[in-house]
Amino acid sequence: MQTAEQDEHWMREALSLAALGAAVGEVPVGAIVVCDGQIVGRGYNSPIGRTDPCAHAEILALREAARTLDNYRLVDCDLYVTLEPCPMCAGALVHSRIRKLIFGAAEPKAGAIISRDCFLGRDNLNHQVEMVSGILADECSTMLSAFFRRRRERKKVERKARLQPLVVESPQ
């Protein structure tokens, strides 16, 4: 039986991965797969660095877990992720047979679990994934907001620098 304390512990592990992603300029989303109290898969968003549109934190964590367990079906595993999964990642959760999804912040623009869609609640799916939301949601949201605030500020400075007239001193 999972406890709120255990969920917070594992979510902090996912947050540390999100911070690694932010440090290399990726959107700070981190994910881990836990099986029998052990981390068997880790990932943080890295589509830019890997030049791979599918390199979302969840996908990378699922891939590593499948390799670690030598099985693409992760029936006794739980996935912790700092941000509500998108449709691609929600589909991967079903196909991998993840037992439970635990996520931090909701994603109002592209979240496929509770925000824009309720993908996991569809009755036509061949596997049902349990779900818990809002674990350390404030910390997860704060990390994302700070990242995008810094990115907007940096772009503003870069734009301003490009618009500055080039000052050339005339010869005397």
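Sequence order as written defines residue numbering, which begins from 1 separately in each chain. Reporting of local features is limited, given that this is a predicted model, to residues whose pLDDT is at least 70; pairs of side-chain atoms are given and counted only at 80 or more, and all residues count toward the totals for whole chains, interfaces and linings. Neither water nor hydrogens contribute to the side-chain values; these are computed over all heavy atoms in the structure.

Asker: Talk me through the overall build of the protein chain; I want residue IDs and the actual numbers.
Answerer: Put simply, DSSP marks the helices as runs of H or I at least four residues long and the strands as runs of E at least two long, and each gets a number from the N terminus on. Scanning the protein chain from terminus to terminus reveals 5 helices and 5 strands. Going residue by residue from the N terminus, the α and β elements of the protein chain occur as α-β-β-α-α-β-α-β-β-α. When the backbone C-alpha atoms are referred to their principal axes, the protein chain occupies close to 80 × 30 × 30 Å. In this scheme, a residue with accessible area under 20% of its type's maximum is buried, one over 50% is exposed, and one in between is partly exposed, where area comes from a 1.4 Å probe on protein chains only. Split into buried and exposed, the 172 residues of the protein chain put 43% on the buried side. When checking whether two residues touch, look at their non-hydrogen atoms; a contact exists if any pair is within 4.5 Å. By sequence separation, contacts in the protein chain at least 24 residues apart represent 56% of the contacts at least 6 residues apart.

Asker: Before we move on, can you summarise unusual backbone geometry with the specific residues and values?
Answerer: It is generally the case that most residues other than glycine have a negative phi and that most peptide bonds are trans. Of note, the phi angle at Arg97 is positive, near 65 degrees, even though the residue is not glycine. For Arg97, the position within the fold is in the loop between helix H4 (87-96) and strand E4 (100-105). We classify Arg97 as buried; its relative accessible area is 14%. The backbone phi angle of Leu136 is positive, close to 50 degrees, even though this residue is not glycine. Secondary-structure assignment places Leu136 in the loop between strand E5 (130-133) and helix H5 (137-163).

Asker: I'd like a rundown of the nonpolar core, residues and numbers included.
Answerer: Of all hydrophobic cores here, the largest spans 45 residues; its most connected members are Met11, Val33, Leu62, Leu79, Ile98 and Leu101. Looking at this core, the elements with two or more residues in it are helix H1 (4-23), strand E1 (30-35), strand E2 (38-44), helix H3 (57-69), strand E3 (77-83), H4, E4 and H5. Those residues in contact with Leu79 that sit more than four places away from it in its chain are Ala31, Ile32, Val33, Glu58, Ala61, Leu62, Leu93, Ile98, Lys100, Leu101 and Ile102. We define the nonpolar core as a collection of buried residues of types Ala, Val, Leu, Ile, Met, Phe, Trp, Tyr and Cys that are connected through side-chain atoms lying within 4.5 Å of one another.

Asker: Please set out a positive patch on the surface residue by residue, giving values where relevant.
Answerer: Together, Lys109, Arg149, Arg150, Arg152, Arg154, Lys155, Lys156, Arg159, Lys160 and Arg162 line one region of the surface with positive charge. Mapped onto the fold, Lys155 is located in helix H5. When its relative accessible area of 44% is taken as the criterion, Lys155 is described as partly exposed. A patch consists of residues whose relative accessible area exceeds 30% and which take part in no salt bridge; residues with like charges are grouped when within 9 Å of each other, and nonpolar side chains (Val, Leu, Ile, Met, Phe, Trp, Tyr) when within 5 Å. For the area figures, the Shrake-Rupley method with a 1.4 Å probe applies, and any residue is considered shielded solely by the protein chains shown. Note on definitions: salt bridges are taken to be side-chain nitrogens of Lys or Arg within 4 Å of carboxyl oxygens of Asp or Glu. Residues scored as charged are limited to Lys and Arg (positive) and Asp and Glu (negative), so that His and the chain ends carry no count. For charged residues, the charge sits on one atom: NZ in Lys, CZ in Arg, CG in Asp, CD in Glu.

Asker: Can you lay out the pattern of salt bridges for me, pointing to particular residues and giving the numbers?
Answerer: Evaluation of the coordinates by the stated rule reveals 4 salt bridges. Residues Arg99 and Asp78 are paired through a salt bridge, measuring 3.0 Å at the closest nitrogen-oxygen approach. In this pair, Arg99 sits in the loop between H4 and E4 while Asp78 sits in strand E3, placing the two residues 21 residues apart along the sequence. Looking at Asp78, the relative accessible area reads 3%, which means it is buried.

Asker: Provide a residue-level description of the packing of H1 against H5, including the pertinent values.
Answerer: What counts as an axis is a line fitted to C-alpha atoms, over the stretch in contact for a helix, and the angles between N-to-C directions run from 0 to 180 degrees. Interhelical geometry of H1 versus H5 gives an angle of 5 degrees and a closest axis separation of 11 Å. The angle between H1 and H5 falls in the class roughly parallel. For the pair H1 and H5, the contacting residues are Met11, Arg12, Leu15, Ala18, Ala19 and Ala22 in the first and Glu139, Cys140, Met143 and Phe147 in the second. Considered class by class, the residues forming the contact of H1 with H5 number 8 nonpolar, no polar and 2 charged. Put simply, angles under 35 degrees are roughly parallel, angles over 145 are roughly antiparallel, angles from 65 to 115 are roughly perpendicular, and the rest are oblique. Amino acids are sorted into nonpolar (Ala, Val, Leu, Ile, Met, Phe, Trp, Tyr, Cys and Pro), charged (Asp, Glu, Lys and Arg) and polar (every other residue, Gly among them).

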